[in-house]
Structure formats: structure tokens, C-alpha cells
Amino acid sequence: MANIKPSVPKGTRDFSPVEMVKRNYIFDTIKSVFRKFGYQEIQTPCMENLDTLTGKYGDEGDKLIFKILNSGDFWKEAESKKEKVAGLEFNSKTLLPILSEKALRYDLTVPFARYVVMHQNEISLPFRRFQVQPVWRADRPQKGRYREFYQCDADVVGSESLLNEAEFVLLYDEALSKLGLKDFTIKINNRKILSGIAEIIGKPELIVEMTVAIDKLDKIGFDGIVKELLDRGFTDADIEKLKPVILLEGSNEQKLADLKSVLETSVTGLKGIEEIETIFKYVSNLTSQSSALNARVELDITLARGLNYYTGAIFEVKTNEVAMGSIGGGGRYDDLTGMFGLKGLTGAGISFGADRIYDVLEELNLFPASTEETTKVLISNFDADAELYALPVLQQMRTNGIAAELYPSSAKLKKQMSYADNKKIPFVVLIGSDEMNSGELTLKDMRSGDQQKLQLGELIERIKQG
RNA sequence: GUGGUUUUAGCUCAGUUGGUUAGAGCGCCUGAUUGUGGUUCAGGAGGUCGUGGGUUCGAGCCCCAUAUUCCACCCCA
């Protein structure tokens, strides 16, 4: 077999021990907050049937789905199908089902919708679930963008209450604060407001074009948006009507007041405003002087988000401390399960982008120092006799809940010590003939360099103290 | 999918107009120290220069293709 240079696919990464400790710190923190808010964990397969996923993320999204090649001889399959079906012409569309019927999941929300429909008789509504698993997108990698990355989702289905949305704000706030972020913004909008705006300017059919354009305000400015809108079928008169809405400023209350007058003839638009107001009211009643939010909560009507299944509230979270795309997003989707045959079930959810949060914490140096330490104590290995003597000692350590390892060969002490040093192990126990004779073992604190002789019991107590 | 960029030792990077034997720092190994890491000192190992073609007397350097890194656009966590 030829020597193949080892590599991983574009946009994927290995995670080494140090990175895994940090990643688990993020996952554990987010999961603990999910549990605290009453969410239960599930997992779903990494692959779904292709038709479960297609058509849920828009045309752009569909292109980014990783498809899995069918096993077996697909060429033979194709030829036999051509014989059976008269006049079959092969093209990308007719060939696809022969080549692929499974795909890697693109997000956690659609698989969850599928899960809910399949397990509707087992779950009781409202159902609050969280899920922390990788998702895959056939994107071109760049800053904060990977082809394999983890999402941490919390969704609730079967509850219309806007209390859920309000709790998402608190959930984001608590989790990100726990991770050490100081300055972040939870942006909130409502699809109904966007619909109302499209309605007012008389172009309800262009709502998608309108939202993707105004979503770019931060990036390309108002003039850039005007250009995009003109390209996408809007007139100067439309833009004149849109302008005050896009450039809305002031406090959330002011924005809502201004929007109300703009949208006064749109039933849908006013409904959206009312929803936002209800959410804000819930949030203020869920917080108090002593438990104020760290997050800035901001109504941002330019927030659109590409996913076309959102019908109500839309969320997006950004950190203001480093340049990074959104680190979380979510919203309300009224009929996601409808596509799988279960009508009239509403859902709402949010997602944390764990890999981006990792990059942010790394850049801001926010990982706690304790994430570096793994093994607590290394027992040295002088020779065969000492090794035999050390085995029950090792066992005692572990029985006492101390992460311990015995150096597996009687290598030079120098090597054993530098192993401990490299691995940042804070304690080393030395067992030689003196120690075996006296029963007092030598404990070395690697951080100070101090060492003392102790009975095993004392030694364990000492290590437990840290 | 479009445009640009990167790739040289385990890691981070030098390498002049194309010219003998491709360098540094860190890390690794050995010793000073046969029961002691992190500091110091002495020595050592380690490279098909991303890959495949081409131009040339001669290519790490020039040309083409391809992979990869990072970045921007589209879009998105």
C-alpha cells in the first residue's frame, strides 16, 4: 500500500486532549443551563434520509447539504432504471435518487421536528428538549466557519406561549455569562414585522429578497442595501417607504412606537409588535434589580436570518468583544412538523454555536486555568519491586477519587519527572527502597518543588487538599 | 459556487537576481546530575521544500495543474 500523506477533509479538525477539556467545559456549561431550564437531552443519528432535509433550508441551504453516496453499484442501478422507465433522461435531478438517499444532518432543528413526529405518542406536550451534536455543511471554510461543527440546541414544541421566547433570552444570558462573556447582544426581531413591512410597501411576495438585503445593514450600509434592493425588484418609491424602517433608532420602546405608526394598517405587522412587547414584558418580570441581565437585548428589525421556516420571533446573539459572526440564533417556527404530516404544532428554539464560542473564549483568554490539569498525581516507577509496592497505593488513590497514574515502566526518574511536568501533574509520589522500608512515601509538589515524607493516609489527605 | 492568499524540520517561521552541502528559535534525544521536572551548560537526531507535471546546464525560488490553509463574496453557527 502506498504511503498516503495523512490529512483530514477540508474544514474538519482533530481535537487533542487540551482542546477537548476546553470544549467539554463549554458543552457542560451550556448543558447545565439547559437542564436548569427544564430541557431534556436527546440525540439523533448523524445521517438523515435526504428527503427529510431537502427543501427545509432554502435553495442555498440545499446546496450545502453533504450527501452520502449509496452503497452498491450505483452505475448498474442507473442502467437498470433506465431500462425499466421508458424515456428516462439522466440529469442531475433524475440521477440524484439513484446516487444518494441519505445525507449528513445540516442542523438539529429539522431532525428534531422529524423526531417529534415519529415519537409523538411517547412524548407529552409541551416537550422541551436539548441536543448537543455535530452538524455538517458543505461550505467553504473561513473565519468561524467549519464544515463540521457542534450546535447546542434547546427547543420547545407544543407551546404557543411567548414565555418560551422570554426564557430563551434568560437562557442565553445565563449560559454566556457563565462562560465569562461580558459584553454581548441578544438581537430580537419578528417575522411578522418583516411581513408587515413587505405588506405596507405592497410587495409581500418579495419578503425574502427584502430581508436578505436589509439584513446586511451592518456590513454594506444603507447605500449598499439600496443597490441590492433595486437589483432585487424594488423601486425607488418602495425604498423611500422602507428607509425610515431600516434606519430606525433609539431605545426598544421608541422603535416599537415608531413601528406601530408605520405598520398601523398591517394586521400581521401589529401582531408582531405585540409579540415583541409581550416578550419584553415577560423578560422584565423574570429579572429583578438583583438578577439583571448582562446581555444587551435589542430590537433589530434588520435581523432576518436565512432559515425560511421562522414565523414569529427571531433571535441572534453576537459578542461585542471580538469580531465574529453570530454565536447563536433561533426563533419560532409554527409549522415545522407539518412537513412531516403533523399539523398545528408550534415550536420555538435557540442554538449556541459551540465552535465559534470556543474561538471567542480562546481569543479573550477566558478558559479557566483548571481546564489544564488532568491527572492529579503520578507515582514513580523505580524498579519491579517498587512497581509491585506501588500497585495498592495506586488503587488507594483511585478509591479516594484522586486521578492517579503509575508510570508504566522503570524509566529514568528524570524522564518520569519531565513526563509529569509536561502533563502538568501537580504531585509526584516517589517510592524507592527507603520508602518501602519505612512505609513513608515521598510526596513532591511539582509547583513549589517542596517534598515531604508521609504515611499513605496523610499523603492522600494532602493531595485532596490540592 | 466566485475571487484572493498560504504551504520549507514535530511547532512557529527565515531563505537575496534561479547557482555548491536549505537555516533559526522552540520542542525532542543524550550527557553534565545512576533518587528529582521546570532554570543553566555541552553535544546530537530530524527536511522527497504540499503533490504531479513543465522550463532550465541547474528550481525551495519561474510556468501549468491539483490539494490544502486563511480571508472576502454568496450564504451562514
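Residues numbered from 1 in each chain as written. Chains lettered and ligands numbered in written order. Predicted model: local features only at pLDDT ≥ 70, side-chain atom pairs only at ≥ 80, totals over all residues. Heavy atoms only, no water.

### Points about the domain arrangement of chain A
- Per the domain assignment, the segments making up chain A are domain 1 (17-45 + 105-364) and domain 2 (373-465).
- Between the C-alpha centres of domain 1 and domain 2 there is a distance of 52 Å. (Domains from an automatic or database assignment.)

### As for helix H13 (residues 267-286)
- Compared with an ideal rise of 1.5 Å per residue, which puts 20 residues at 28 Å, H13 spans 29 Å between its outermost C-alpha atoms and is within 8% of the ideal.
- When H13 is considered as a whole, its buried residues turn out to be Gly269, Gly272, Ile273, Glu275, Ile276, Ile279, Phe280 and Val283. When H13 is viewed along its axis, its buried side chains cluster within an angular range of 155° and face the same direction. Turned more than 90 degrees away from the buried face of H13 sit Val267, Lys281 and Asn285, all of them exposed.
- Those residues of H13 hidden inside the fold are in contact with helix H7 (163-178), strand S7 (184-190), helix H8 (191-200), helix H12 (252-262), strand S8 (296-299) and strand S9 (313-319). (Helix = DSSP H or I, 4+ residues; strand = E, 2+ residues; numbered from the N terminus. Expected span 1.5 Å × (residues − 1). Buried < 20%, exposed > 50% of the residue type's maximum accessible area, 1.4 Å probe, protein only. Arc of directions from axis to C-beta. Contact = heavy atoms within 4.5 Å.)

### Structural notes on a negative patch on the surface
- On the surface, a cluster of negative charge is contributed by Asp73, Glu77, Glu79, Glu83 and Glu101.
- Sort the elements by how many residues they give to the negative patch and helix H4 (residues 74-84) lands first, with three residues. (Patch = residues over 30% accessible without salt bridge, like charges linked within 9 Å, V, L, I, M, F, W, Y side chains within 5 Å. Areas by Shrake-Rupley, 256 points an atom, 1.4 Å probe, with all protein chains shown as cover. Salt bridge = Lys/Arg side-chain N within 4 Å of Asp/Glu carboxyl O. Lys, Arg positive; Asp, Glu negative; His and termini not counted. Charge placed at Lys NZ, Arg CZ, Asp CG, Glu CD.)

### Focus: the pairing of S9
- Across the seven residues of S9, six count as buried, placing the element largely inside the fold.
- Strand direction decides the pairing type here: S7 and S9, joined by seven bridges, are antiparallel. From the neighbouring strand, lysine 187 faces S9, where its bridge partner is glutamate 316.
- Summarising the sheet, S9 and strand S10 (residues 328-333) pair through four bridges and their orientation is antiparallel. (Pairing = 2+ DSSP bridges.)

### What about the nonpolar core?
- Residues Ile26, Leu176 and Phe352 are the most contacted members of the largest nonpolar core, which totals 97 residues.
- Sort the elements by how many residues they give to this core and H7 lands first, with eight residues. (Core = buried A, V, L, I, M, F, W, Y, C linked by side-chain atoms within 4.5 Å.)

### Description of the side chain of threonine 346
- Relative to the assigned elements, threonine 346 resides in the loop between S10 and strand S11 (347-353).
- A polar side-chain atom of threonine 346 sits 3.0 Å from a polar atom in the side chain of arginine 332.
- Among the polar contacts listed, one links the side chain of threonine 346 to the side chain of aspartate 334, at a separation of 2.8 Å.
- Excluding residues that lie within four positions of it along the chain, threonine 346 makes contacts with Val156, Val157, Gly158, Ser159, Glu160, Arg332, Tyr333 and Asp334. (Polar contact = N/O pair within 3.5 Å; in protein donor to acceptor, adjacent residues only side chain to side chain.)

### A few points about the side chain of arginine 23
- Here arginine 23 lies in helix H1 (residues 17-36).
- The buried category is assigned to arginine 23, whose relative accessible area is 4%.
- Not counting residues within four places of it along the chain, the set of residues in contact with arginine 23 comprises Arg13, Phe15, Tyr150, Asp355 and Tyr358.

### Things to note about the confidence of the model for chain A
- When pLDDT is averaged along chain A, the result is 91, and 98% of the positions lie at 70 or above.
- Within chain A, helix H5 (residues 92-99) has the poorest average pLDDT of any element, 84, and strand S1 (residues 40-41) the best, 98. (pLDDT = per-residue confidence, 0-100.)

### What about the sheet that holds S9?
- Strand order in this open sheet of eight strands is S1-S5-S6-S11-S10-S9-S7-S8, and the pairing throughout is mixed. Since the sheet does not close on itself, it has two edges, and those belong to S1 and S8, each with one partner.
- On top of the sheet, H8 reaches S7 and S9; it is set at about 50° to S7, its chief contact. (Axes fitted to C-alpha atoms, helices over the stretch in contact; angles between N-to-C directions.)

### Looking at the sheet that holds strand S2 (residues 47-49)
- Ordered by their spatial adjacency, three strands build an open sheet running S2-S4-S3, and the pairing between neighbours is antiparallel. Only two strands of the sheet have a single partner each, and these edge strands are S2 and strand S3 (67-69). Across the sheet, the mean angle separating the axes of adjacent strands is 45° when strand polarity is ignored.
- Two strands pair when backbone bridges link them, and S2 and strand S4 (residues 100-104) are joined in this way by three bridges, in the antiparallel orientation.

### Some points on the packing of helix H9 (residues 207-214) against helix H10 (residues 217-231)
- Between H9 and H10, the least distance of the axes is 8 Å, while the angle of their chain directions is 140°. Judged by the inter-axis angle, H9 sits oblique to H10. Contacts between H9 and H10 pair Met210, Ala213 and Ile214 from the former with Leu217, Ile225, Glu228 and Leu229 from the latter.
- For the contact of H9 with H10, a count of residues per class yields six nonpolar, no polar and one charged. (Parallel < 35°, antiparallel > 145°, perpendicular 65-115°, else oblique. Nonpolar A, V, L, I, M, F, W, Y, C, P; charged D, E, K, R; others polar.)

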